[in-house]
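Letter by letter, the chains look like this.
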Amino acid sequence: MNRLGQMLIDEGMEKGIEKGIEQGIEKGIEKGIELNQTDSIKKLMKNMNLTIEQAMNTLEVPEDKREKYRQTIVSNN
């Protein structure tokens, strides 16, 4: 392999690693948001004596996320 070929391979690997790191960070942020939202729902349910629906309404949880939170909260109780 010539020098140019090796440089292209190295550059491709570097870009792949950077992309993987970016995706990992995004996933971590998403997971952190989900954990925080789940915790907030649980605290509202406990401290304010709200139903899960009332808690999610209070927090303005988007409709497309609600089933996931329901499943998480129900399975942990």
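Here's a quick rundown of the structure.

Quick notes on the rules
- Residues numbered from 1 in each chain as written.
- Predicted model: local features only at pLDDT ≥ 70, side-chain atom pairs only at ≥ 80, totals over all residues.
- Heavy atoms only, no water.
- Helix = DSSP H or I, 4+ residues; strand = E, 2+ residues; numbered from the N terminus.
- Buried < 20%, exposed > 50% of the residue type's maximum accessible area, 1.4 Å probe, protein only.
- Expected span 1.5 Å × (residues − 1).
- Contact = heavy atoms within 4.5 Å.
- Salt bridge = Lys/Arg side-chain N within 4 Å of Asp/Glu carboxyl O.

With that settled, consider unusual backbone geometry. One non-glycine residue, N49, adopts positive backbone phi at about 55 degrees. Relative to the elements of secondary structure, N49 occurs in the loop between α1 (3–47) and α2 (52–58). Look at N49 and you get exposed, because its relative accessible area is 67%. In this structure, E60 is a non-glycine residue whose phi angle is positive, near 55 degrees.

Quick look at the environment of K68 now. Looking at the secondary structure, you find K68 in helix α3 (residues 63–76). Taking the C-alpha atoms as reference, K68 lies 9.7 Å from T38; in sequence the two are 30 residues apart.

The end-to-end C-alpha distance of α1 is 66 Å, a good match for the 66 Å that 45 residues give at a rise of 1.5 Å each. When we look at burial in α1, the residues that qualify are G5, E34, Q37, T38, I41 and L44. Looking at the buried side of α1, the elements it contacts are α2 and α3. Following α1 by one or two positions, N49 has its phi on the positive side, about 55 degrees.

Turning to the pattern of salt bridges, a few remarks are in order. This model, assessed by the stated rule, comprises seven salt bridges. Note that K15 and E11 form a salt bridge whose closest N and O atoms lie 3.3 Å from each other. Residue K15 and its partner E11 are located together in helix α1, separated by four residues, close to a single helical turn. The exposure class assigned to K15 is exposed, which follows from its relative accessible area of 52%. The exposure class assigned to E11 is partly exposed, which follows from its relative accessible area of 43%. Among the ionic pairs, K43 bridges to D39, the shortest N-O distance being 3.2 Å. With K43 and D39 both in helix α1 and four residues apart, the pair spans about one turn of that helix. Relative accessible area serves as the criterion here: at 47%, K43 is assigned to the partly exposed category. Taken together, the shared-partner salt bridges connect E53, E63, R66, E67 and R70 into one network.

Keep in mind these numbers describe shape, not what the thing actually does.
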